[in-house]
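Descriptive analysis of the structure
So you can see what is in the structure, the chains are spelled out below.
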Amino acid sequence: MSEPQTAAALIQQGLVHHQAGQISLAMDRYTQVLRNDPRNADALYYIALIACHEGQLQQGIDLARRSLSYRPRQARAFNLIGQALHRMGKIKDALKSFDNAIECDTNFAAAYSNRANMLSELGRNSEALSSFDRVLALDPDSAPDWLNRGATLHGAGRPEEAIASYDKAIALDPDFCLPHCNRAHALTDVGRDAEALAAYDRAIALEPKMAEAYLGRALALKRLARQDEALASVDKAIAIKADVSKMHEARATLLRLLGREDEARAADTRAAELAAKESAEKSGTGASA
């Protein structure tokens, strides 16, 4: 067997182990290839992939760039670098890498998806929506992309269109709780409170510890003038996630509507304490433990 065939066979064996979750065996095959051929772009890419998945992001980026130095137009390598940069909080650099991936392969759906998410994070909603439309033209059955497209539309102040996008995500994956919760938020925004309540209930049925869904459910119940049930729902949210100021703010409002002023003031105090803590953490001035 010639050397290139040996490398190809080892890479294939590595991929079988990799897909089975046998990472050490996969690494053994990939590194064996590199011992014989340090310039093997495939082995470098797959080791980079493992490094990124294990949280060794800079090492993964460096290996992927080495792979690109030996085989320049690898969309997958640019896509991997972009994902690692995103996890490092380097959004603009990640976006550039996804753009490079698309330049290498104009039909690479995953790169369009990642690019759309970066643009959405940067608040560039119209560009993000164009990228979501492109990925969904390539892969119309991608529930996560319909979900993220809906979130971008919602963030852009287009809740009715967001609902339609969430509906697509739900049709493709009915047991995915997040589209139900996001859809409920959008329904609340357009005044469809009874439908929102049903959507929150569905999200909670799928994920009983989703605090955000209990909070949203409480707001829908409040608008439906069902204040006692709303308070019970907020209390559920706080039982799951006690250190979020907006939950205590909502509790204070409901207690006040129910005429329980002393409890409302206590909830206000707790909300203010948590809001101050959240603000300090956001500005990087919070005390370390």
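The model shown is predicted, which means the values in this text are computed figures rather than measured ones. The residue numbers shown here count from 1 along each chain, following its written sequence. Given that this is a predicted model, residues contribute local features only at a pLDDT of at least 70 and side-chain atom pairs are listed and counted only at 80 or more, while totals for whole chains, interfaces and linings are drawn from all residues. Hydrogens and water molecules were not included; the side-chain quantities draw on all heavy atoms of the structure.

Concerning the pattern of salt bridges
Under the convention used in this document: Criterion for a salt bridge: a side-chain nitrogen of Lys or Arg within 4 Å of a carboxyl oxygen of Asp or Glu. Between buried and exposed lies partly exposed: a residue is buried under 20% and exposed over 50% of the maximum accessible area for its type, with that area taken using a 1.4 Å probe on protein chains only.
For the coordinates displayed, the defined rule picks out 22 salt bridges. Here E127 makes a salt bridge to R124, at a shortest N to O gap of 2.8 Å. With relative accessibility at 32%, the residue E127 sits in the partly exposed group. The class of R124 is partly exposed, set by a relative accessible area of 36%. A salt bridge links R260 to E263, with the nearest nitrogen and oxygen atoms 2.8 Å apart. Accessibility expressed as a relative area gives 31% for R260, which makes it partly exposed.

Quick look at the state of the cysteines
Selection criterion: Any two cysteine sulfur atoms lying within 2.5 Å of each other are counted as a disulfide.
Under the criterion given, the structure shown has 0 disulfides. Of all cysteine sulfurs, the one in C104 lies closest to C52, which takes part in no disulfide; the gap is 17 Å. Exposure remark for C52: the relative accessible area of 3% places this residue in the buried category.

Digging into the side chain of D145
Heads up, the condition is: Working definition: helices are DSSP H or I runs of at least four residues, strands are E runs of at least two. Numbering for both runs from the N terminus. Neither His nor the chain termini are counted; the positive set is Lys and Arg, and the negative set is Asp and Glu. Here, two residues are considered to be in contact whenever any of their heavy atoms come within 4.5 Å of each other.
The residue D145 is located in helix α9 (residues 143–155) in this model. The buried charged residue D145 lacks any salt bridge partner; its closest oppositely charged side chain belongs to R149, at an N-O distance of 9.6 Å. When neighbours within four sequence positions are excluded, D145 is seen to be in contact with S113, F132, V135 and L136.

Description of the environment of S67
Of note, S67 is situated in helix α4 (residues 57–70). Assessed through its relative accessible area of 0%, S67 is described here as buried. S67 sits 27 residues away from N40 along the chain, and the two C-alpha atoms are 7.3 Å apart. Setting aside its immediate chain neighbours within four residues, S67 contacts A41, L44, Y45 and Q74.

What about the side chain of R29?
This is how the line gets drawn: A 3.5 Å cut-off defines polar contacts: any pair of N or O atoms within that distance qualifies, except that in protein one atom must be a possible hydrogen donor and the other a possible acceptor, and neighbouring residues in sequence count only when both atoms are side-chain atoms.
One can find R29 in helix α2 (residues 23–36). A polar contact of 2.9 Å, which involves the side chain of R29, links it to the side chain of D28. Contacts of R29, omitting those with residues within four sequence positions, involve L10, Q13, G14 and H17.

Focus on the confidence of the model for the chain
Rules: Per-residue confidence from the predictor is reported as pLDDT, a score between 0 and 100.
Of the residues in the chain, 96% reach a pLDDT of 70 or more, and the chain-wide mean stands at 95. Per-residue pLDDT stays below 50 along residues 285–289; that stretch engages in 3 contacts with residues further than four places along the chain or on separate chains.

Remarks on the packing of helix α5 (residues 75–87) against helix α7 (residues 109–121)
For clarity, the threshold we go by: Angles here are taken between N-to-C directions and fall from 0 to 180 degrees, while the axes themselves are lines fitted to C-alpha atoms, restricted in helices to the stretch in contact. Under this scheme an angle from 65 to 115 degrees is roughly perpendicular, one under 35 degrees roughly parallel, and one over 145 degrees roughly antiparallel; angles in between are oblique. In this scheme, a crossing is called left-handed if the near helix is turned counterclockwise away from the far one by less than a right angle; it is called right-handed if the turn is clockwise. Residue type decides the class: Asp, Glu, Lys and Arg count as charged, Ala, Val, Leu, Ile, Met, Phe, Trp, Tyr, Cys and Pro as nonpolar, and the leftover types, Gly among them, as polar.
The N-to-C vectors of α5 and α7 enclose an angle of 30°; their axes lie 10 Å apart at closest approach. When the axis of α5 is compared with that of α7, the two are roughly parallel. For the crossing formed where α5 meets α7, the hand is left-handed. Across the interface between the two elements, N79, Q83 and H86 from α5 touch A110, A111, N114, M118 and E121 from α7. Tallied by class, the residues present in the contact of α5 with α7 amount to 3 nonpolar, 4 polar and 1 charged.

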